[in-house]
Amino acid sequence: MNQPTSPSGGERIVRMEKLNKSFGDLHVLKNIDLEVTPGEVVVIIGASGSGKSTLIRCINGLEEFQQGELEVDGNPLKPHGKATQALQKIRTEVGMVFQQFNLFPHLSVLDNVTLAPMKVRGLGRHEATDTAERLLDRVGIADQAAKYPTQLSGGQQQRVALARALAMEPRLMLFDEPTSALDPEMIGEVLDAMRELANEGMTMLIVTHEMGFAREVADRVIFIHKGEIAEEGPPETIFDSPQAEPTRQFLSRVL
Ligand code: ADP
Ligand code: MG
């Protein structure tokens, strides 16, 4: 397949140009330019209400946008959310983990992980089960496969959500504050699983308030302020010598 290339010739998983998104009169995303290359880990930080969730929800077509260009793994998404084949393809290629785990409560852990691969990718039950067991083992909850989501801790549920997303063999993983709903003692186990995924070369776009984690795993940190990218750069630069005043103020509040 033809991959979009940057001026320097590199392949890109996300290519967003001058993206604008409003909810009615509220202009939430303003001329956002964003590129993510394969294997890159990009962390998005910013105050509540700055547009972080909206930005990543645009990337898998959960929100429509009004203006700009967006391609995900070479599939163009059109403004105004026109249902296209590309949108279907993006949904199968992009995994997402939300703040609220969004597991199917009436399905066992195993069935949560095998459902989409069987329905969407057409895997047989045996193959889907093998994959699910391998992934549940990888996130450290192989022994919970027969349980239902409500029988698990928040940290375990979030690791199921991660395994479920990985079962689709995504090209890109999106995370929207994956540890914000967790009790403090469970945050580490979810961040560990994400760190491992990053080390294995997964392309990841992560919204988080875990600044220590961001500093450690991010190749690049993007600071969003009132719907605009105010500043971006390597974690050392953003955290140790932020240039923009809004970044400084934000970091002085959270660090
Ligand atoms: P963040 O994730 O950075 O906290 P969001 O992307 O959730 O910010 O929200 C950005 C702005 O858009 C906020 O002002 C929020 O109230 C508004 N917003 C988000 N979703 C909707 C929606 N579905 N309808 C109307 N306004 C929304
Ligand atoms: Mg949000």
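Calculation criteria
- Residues numbered from 1 in each chain as written.
- Chains lettered and ligands numbered in written order.
- Predicted model: local features only at pLDDT ≥ 70, side-chain atom pairs only at ≥ 80, totals over all residues.
- Heavy atoms only, no water.
- Pairing = 2+ DSSP bridges.
- Helix = DSSP H or I, 4+ residues; strand = E, 2+ residues; numbered from the N terminus.
- Axes fitted to C-alpha atoms, helices over the stretch in contact; angles between N-to-C directions.
- Contact = heavy atoms within 4.5 Å.
- Phe/Tyr/Trp six-rings, centres within 6.5 Å; stacked < 30°, edge-to-face > 60°.
- Buried < 20%, exposed > 50% of the residue type's maximum accessible area, 1.4 Å probe, protein only.
- Lys NZ or Arg CZ within 6 Å of the ring centre and 35° of its normal.
- Near = heavy atom within 4 Å.
- Polar contact = N/O pair within 3.5 Å; in protein donor to acceptor, adjacent residues only side chain to side chain.
- Areas by Shrake-Rupley, 256 points an atom, 1.4 Å probe, with all protein chains shown as cover.
- Nonpolar A, V, L, I, M, F, W, Y, C, P; charged D, E, K, R; others polar.
- pLDDT = per-residue confidence, 0-100.
- Expected span 1.5 Å × (residues − 1).
- Arc of directions from axis to C-beta.

**Notes on the sheet that holds strand 7 (residues 172–176)**
Piece 1. One open sheet accounts for 6 strands, arranged 6-7-8-3-9-10; its pairing is mixed. A single partner strand is all that each edge strand has here, and the edge strands are strand 6 (94–97) and strand 10 (228–233). Each neighbouring strand pair of the sheet contributes to a mean axis angle of 20°, computed without reference to strand direction.
Piece 2. As paired elements, strand 6 and strand 7 share 4 bridges and run parallel to each other. When the sheet's bridge partners are listed, Met96 is paired in strand 7 with Leu174.
Piece 3. Along the sheet, helix 6 (residues 184–199) contacts strand 3 (41–46), strand 7 and strand 8 (204–207); its crossing angle with strand 8, the most-contacted strand, is approximately 150°.

**Overview of the packing of aromatic side chains**
Piece 1. Counted according to the given criterion, the structure contains 1 aromatic pair.
Piece 2. With a centroid separation of 5.3 Å and 40° between ring planes, the pair formed by Phe223 and Phe250 is classed as tilted. Of this pair, Phe223 sits in strand 9 (residues 220–225) while Phe250 sits in helix 9 (residues 245–254), and the two are 27 residues apart along the sequence. For the pair shown, Phe223 and Phe250 are each scored as buried.
Piece 3. Its end group placed over the ring of Phe23, Lys21 keeps NZ or CZ at 4.2 Å from the ring centre.

**Examining the environment of Leu70**
Piece 1. Within the secondary structure, Leu70 is located in strand 4 (residues 67–72).
Piece 2. Given the relative accessible area of 2%, Leu70 is considered buried.
Piece 3. Not counting residues within four places of it along the chain, the set of residues in contact with Leu70 comprises Val14, Arg15, Met16, Leu19, Cys58, Ile59, Phe65, Asn75, Pro76 and Leu77.

**Some remarks on the site of ligand 1**
Piece 1. In the region of ligand 1, the neighbouring residues are Phe23, Leu26, Val28, Ala47, Ser48, Gly49, Ser50, Gly51, Lys52, Ser53 and Thr54.
Piece 2. Contact between ligand 1 and Ser50: an oxygen atom at 3.2 Å from a main-chain N or O atom of the residue.
Piece 3. Taking Ser53, its side chain carries an N or O atom lying 2.8 Å from an oxygen atom of ligand 1.
Piece 4. For ligand 1, the protein covers 58% of the area, taking 560 Å² as the surface of the free molecule.
Piece 5. Looking at the shell around ligand 1, the elements with two or more residues in it are strand 2 (26–36) and helix 1 (52–59).
Piece 6. Broken down by element, the residue count for the shell around ligand 1 peaks at 3 residues, all from helix 1.
Piece 7. Here the residues of the shell around ligand 1 are counted per class, giving 4 nonpolar, 6 polar and 1 charged.

**Observations concerning the confidence of the model for the protein chain**
Piece 1. Averaged over the protein chain, the pLDDT score is 95; the fraction of residues at 70 or greater is 96%.
Piece 2. Predicted as a complex, the structure gets a pTM of 0.95 and an ipTM equal to 0.99.

**Concerning helix 6**
Piece 1. Between its terminal C-alpha atoms helix 6 stretches 23 Å, which fits the 22 Å expected from 16 residues at 1.5 Å a residue.
Piece 2. Listing the buried residues of helix 6 in full gives Met186, Ile187, Val190, Leu191, Ala193, Met194, Leu197 and Ala198. Burial along helix 6 is one-sided: seen end-on, the buried residues are contained in an arc of 155°. Among the exposed residues of helix 6, those pointing more than 90 degrees away from its buried face are Glu185 and Asn199.
Piece 3. Just downstream of helix 6 lies Gly201, where phi reads positive at about 100°.

**Some details on unusual backbone geometry**
Piece 1. For Asp73, which is not glycine, the phi dihedral falls at a positive 50°.
Piece 2. For Glu177, which is not a glycine, the phi torsion comes out positive at approximately 45°.
Piece 3. Topologically, Glu177 is positioned in the loop between strand 7 and helix 6.

**As for the sheet that holds strand 5 (residues 75–77)**
Piece 1. Taken in spatial order, the 4 strands of this open sheet run 2-1-4-5, and their pairing is antiparallel. Among the strands making up the open sheet, the edge pair consists of strand 2 and strand 5. If you compare each strand with its neighbour and ignore which way they point, the axes differ by 25° on average.
Piece 2. Direction of pairing for strand 4 relative to strand 5: antiparallel, over a ladder of 3 bridges. The residue of strand 5 that forms the bridge with Val72 is Asn75.
Piece 3. The strands touched by helix 1 are strand 1 (14–23), strand 2, strand 4 and strand 5; relative to strand 1, the strand with the most contacts, the crossing angle is about 120°.
Piece 4. Packing of helix 2 (residues 85–93) onto the sheet brings it into contact with strand 4 and strand 5, and relative to strand 5 it is tilted by some 110°.

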